[in-house]
Amino acid sequence: MEFLKTVRKRRSLLSEIVYVVLNIGLAVALMLIVRMTGSFWLALALVLLSKWRVLAVRPRFWFANVQADLVSFIVSVSFIVFLYNTNPANVGDTQSIVAQSIFTVLYIVWLLFLKPQSKRVYIAAQAGVALFTGITAIYSVAYGWIASPVILLMWLVGYASARHILNNYDNEDHVMLLSLVWGLVSAEIGWIAYHWTIAYRLPIIENVLLPRVSIAMLCFGLIAYKAYDSYYHHQKIRISDILLPLVFTILLIGWLVLFRNSISAII
C-alpha cells in the first residue's frame, strides 16, 4: 500500500513538472516564432494546436468546449498581438527584447498561476484579464479596419468574459441571456470607441498603446460583476457592495479625462 502511494506521488509530481515545462515552452516558443519569423499566423497556429483537447471529444461537445475555452483563447491571441506589435521590425532591438520578455513572463504567470484556479475570485480575475487584454489587442491592430469586425470582436470578448463568470454561479438559468446582454453593451461601447479612440503610451513598451476603452471596460466590468454578485447573494443590489468599485471607476475615468489627455495619442 505504501508503495502504491509513493508511485502516485511520483506520477503526480512528474505530471506537474511536465505541465510546467509544456506551458513555459509554449510561451517561449510563441515569442521565438514571432521574433524569428515575424508571422502572426504561425504563432496562432501553434496556439490552436495547443488547444487540441477542446476538440478531442465527440463533435456534439465541440461548441460547448469552444465556449468554455474562449477566455483562455482570447488571452493567448492577445499575447501574440502584443508580441507582434513589439517585433524588431517595428521597434528597436533592445526595446523589443525587453518588451517581449515582459509579455512572455506575464503570459507564463497566466498559464501557471491564474488560469488553473477555480475559486470564484480567480474566475472573475480570469474574465477581467481576458476583457482587458482582448480589448487592448483589438484596438492595437484595428485602427485601420472598418467598424464591423471591431464591433463583432468587442461583442465576442464581452460575451466570453461574462459567460466565464456566470457559469461559476449555481442555479443561474439565464447565463446565455446575460452574457449576450453584456456582449451587446461591449459592442456598443466598442462602436463609440471606434470613432473616438484615445490611447496612452506605456513608459517601457512604447509600441503597444493602452486604449482608454480597455481601462473603462475593465472598470465597468468590475461594477457589473459586483452588482450581480450582490444580487445573487442578497436578492438585491446593496450599495455597500458596489460603492468602492463605483467610486474608483469615477475617480479613475475622471482623472484620465481631465489630466491625461496631454500625453495621450488619438488613434
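Every chain's residues receive numbers from 1 upward, in the order its sequence appears when written. The model is predicted, so local features are restricted to residues of pLDDT at least 70 and side-chain atom pairs to those at 80 or more, both for listing and for counting; the totals for chains, interfaces and linings are taken over all residues. Side-chain numbers come from the whole structure's heavy atoms, not from hydrogens or water.

Notes on the nonpolar core
Where we set the bar: In these notes, a set of buried Ala, Val, Leu, Ile, Met, Phe, Trp, Tyr and Cys residues joined through side-chain atoms within 4.5 Å is what counts as a nonpolar core. Here the term buried applies to any residue with accessible area under 20% of the maximum for its type, exposed to any over 50%, and partly exposed to those in between, with areas from a 1.4 Å probe on protein chains only. Note on conventions: DSSP H or I runs of at least 4 residues are helices, E runs of at least 2 residues are strands, and numbering of each starts at the N terminus. Residues are treated as being in contact if the distance between any of their heavy atoms lies within 4.5 Å.
Of all hydrophobic cores here, the largest spans 44 residues; its most connected members are Leu 30, Ile 80, Tyr 107, Ile 135 and Tyr 139. Elements with a minimum of two residues in this core: helix 1 (2–37), helix 2 (40–50), helix 4 (70–85), helix 5 (93–114), helix 6 (120–141), helix 7 (147–166), helix 8 (175–195) and helix 9 (212–234). For this core, the element with the most residues is helix 4, which contributes 10 residues. Other than its neighbours up to four places away in sequence, Ile 80 contacts Leu 30, Val 34, Phe 40, Ala 43, Leu 44 and Val 47. With eight residues, the next largest nonpolar core counts Tyr 169, Val 175, Tyr 225 and Tyr 228 among its residues.

Here's the deal with helix 4
Put simply, the test is: Expected helix span is given by 1.5 Å per residue-to-residue step, counting one fewer step than there are residues.
Spanning 16 residues, helix 4 covers 22 Å between terminal C-alpha atoms, matching the ideal 22 Å at 1.5 Å per step. Counting buried positions along helix 4 gives 14 out of 16 residues, so the element sits mostly inside the fold.

Focus on the packing of helix 6 against helix 7
Pairs of packed helices are described in terms of their axes, by the angle between the two and the distance that separates them. Inclusion rule: Structural elements are reduced to axes, namely lines fitted to C-alpha atoms, with helices fitted over the stretch in contact, and the angle between N-to-C directions of any two is expressed from 0 to 180 degrees. Any angle that falls under 35 degrees is termed roughly parallel, while one over 145 is termed roughly antiparallel, one within 65 to 115 roughly perpendicular, and all others oblique. Amino acids outside the nonpolar list (Ala, Val, Leu, Ile, Met, Phe, Trp, Tyr, Cys, Pro) and the charged list (Asp, Glu, Lys, Arg) are all regarded as polar, and Gly is one of them.
Two elements in contact, helix 6 and helix 7, have axes separated by 8 Å at closest approach and are oriented at 175°. Considered as vectors, helix 6 and helix 7 are oriented roughly antiparallel to each other. The segment helix 6 lies against helix 7, with Ile 123, Ala 124, Gln 126, Ala 127, Ala 130, Leu 131, Gly 134, Ile 135, Ile 138 and Tyr 139 engaging Val 150, Leu 153, Met 154, Val 157, Gly 158, Ser 161, His 164 and Ile 165. Residue classes in the contact of helix 6 with helix 7 are distributed as 13 nonpolar, five polar and no charged.

Quick word on the side chain of Thr 133
Among the secondary structure elements, Thr 133 is positioned in helix 6. Excluding its chain neighbours within four sequence positions, the residues that come into contact with Thr 133 are Val 75, Ser 78 and Phe 82.

Digging into unusual backbone geometry
For Gln 235, which is not glycine, the phi torsion reads 60° and is therefore positive. Topologically, Gln 235 is positioned in the loop between helix 9 and helix 10 (239–259). Given the relative accessible area of 58%, Gln 235 is considered exposed.

Comments concerning the environment of Tyr 143
Mapped onto the fold, Tyr 143 is located in the loop between helix 6 and helix 7. The sequence separation of Tyr 143 and His 195 amounts to 52 residues, and the corresponding C-alpha distance is 9.6 Å.

Considering the packing of aromatic side chains
Quick reminder of the rule: Stacked, tilted and edge-to-face are the three classes applied to pairs of Phe, Tyr and Trp rings, where Trp contributes its six-membered ring and a pair requires centres within 6.5 Å; stacked means planes under 30 degrees apart, edge-to-face means over 60, and tilted covers the rest.
Enumeration over the complete set of coordinates arrives at eight aromatic pairs. Here the aromatic rings of Phe 79 and Tyr 107 are separated by 4.2 Å at their centres, their planes lie at 10°, and the arrangement is stacked. Of the two residues, Phe 79 sits in helix 4 while Tyr 107 sits in helix 5, which places them 28 residues apart along the sequence. Tyr 107 matches Phe 79 in its accessibility class, with the two residues each being buried. Judged by centre distance (4.9 Å) and plane angle (85°), the rings of Tyr 169 and Tyr 228 are edge-to-face. Note that Tyr 169 is positioned in the loop between helix 7 and helix 8 and Tyr 228 in helix 9, a separation of 59 residues in sequence. Taken individually, Tyr 169 and Tyr 228 each receive the classification buried, so the pair is uniform in this respect.

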